[in-house]
Amino acid sequence: MAAARILLASSLFNACLQNVQLAVEKHLKAILLHNKKQLRKTHSIRELARGIRDCGIELDLEEDDIDFLDSIYLPSKYPLSSALPNYQPDQEICADSLAMAERVQASVNTYFRNA
């Protein structure tokens, strides 16, 4: 999350989005590991979110957020020009993405405080 903030401030939008996606992925994996769920090797936010819902846990992560995050991983890992498949990321998209990741982080922190 810290890297995403620094990259956003530096206008490095592709790298910012990649770090947002990775941060959310790691937060979700932490909950699954805490619940002793075996992790498959995946970067799919949808798959991880499904596993969390199967545990009866609700997070602040909307379906549109999941679709967006899943659209980032491969293009950001192997970019031709953009981390997003249909357009170039900009300050607003990255700021919104970072805010979404911060909501997920807050949900995960709340979960662990109450666990």
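Just above sits the structure.
The model shown is predicted, which means the values in this text are computed figures rather than measured ones.

K.L.:
Quick question: what am I supposed to make of the nonpolar core here?
P.N.:
Across soluble globular proteins, nonpolar side chains have a tendency to be buried as a group. Counting 32 residues, the largest nonpolar core has Val24, Leu28, Leu61 and Leu69 as the members making the most contacts within it. Elements with a minimum of two residues in this core: helix H1 (2-9), helix H2 (13-34), helix H3 (45-54), helix H4 (63-77) and helix H5 (91-114). With nine residues, H2 is the largest single contributor of residues to this core. Those residues in contact with leucine 69 that sit more than four places away from it in its chain are Val20, Gln21, Val24, Ile45, Leu61 and Met100.

K.L.:
Quick question: what am I supposed to make of the environment of leucine 48 here?
P.N.:
Relative to the helices and strands, leucine 48 is located in helix H3. Here the alpha-carbon distance between leucine 48 and valine 24, two residues 24 residues apart in the chain, equals 9.9 Å. Not counting residues within four places of it along the chain, the set of residues in contact with leucine 48 comprises Glu25, Leu28, Lys29, Leu32 and Thr42.

K.L.:
Would you take a moment to explain unusual backbone geometry for this structure?
P.N.:
The backbone of serine 11 shows a phi angle near 60°, a positive value even though the residue is not glycine. Exposure remark for serine 11: the relative accessible area of 43% places this residue in the partly exposed category.

K.L.:
How do you make sense of the packing of aromatic side chains when you look at a structure like this?
P.N.:
The relative placement of two aromatic rings is captured by the distance of their centres and the angle of their planes. Scanning the entire structure with this criterion turns up one aromatic pair. With a centroid separation of 5.2 Å and 75° between ring planes, the pair formed by tyrosine 111 and phenylalanine 112 is classed as edge-to-face. According to the relative accessible area criterion, tyrosine 111 is buried, its value standing at 17%. Since its relative accessible area comes to 32%, phenylalanine 112 is described here as partly exposed.

K.L.:
It is not clear to me how the packing of H2 against H5 should be interpreted in this structure. Could you clarify?
P.N.:
Angle between the axes and distance between the axes are the two parameters that describe a pair of packed helices. Contact geometry for H2 and H5: axes closest at 10 Å, N-to-C directions at 15°. Classified by the angle between their axes, H2 and H5 sit roughly parallel to one another. The handedness of the crossing between H2 and H5 is left-handed. Packed against H2, whose contacting residues are Phe13, Cys16, Leu17, Val20, Val24, His27, Leu28, Ala30, Ile31 and His34, the element H5 presents Gln91, Ile93, Cys94, Ser97, Leu98, Met100, Ala101, Val104, Gln105, Val108, Tyr111 and Phe112 at the interface. Across the contact of H2 with H5, the residue classes break down as 17 nonpolar, five polar and no charged.

Analysis parameters
Residues numbered from 1 in each chain as written. Predicted model: local features only at pLDDT ≥ 70, side-chain atom pairs only at ≥ 80, totals over all residues. Heavy atoms only, no water. Core = buried A, V, L, I, M, F, W, Y, C linked by side-chain atoms within 4.5 Å. Buried < 20%, exposed > 50% of the residue type's maximum accessible area, 1.4 Å probe, protein only. Helix = DSSP H or I, 4+ residues; strand = E, 2+ residues; numbered from the N terminus. Contact = heavy atoms within 4.5 Å. Phe/Tyr/Trp six-rings, centres within 6.5 Å; stacked < 30°, edge-to-face > 60°. Axes fitted to C-alpha atoms, helices over the stretch in contact; angles between N-to-C directions. Parallel < 35°, antiparallel > 145°, perpendicular 65-115°, else oblique. Left-handed = near helix turned anticlockwise from the far one by under 90°. Nonpolar A, V, L, I, M, F, W, Y, C, P; charged D, E, K, R; others polar.

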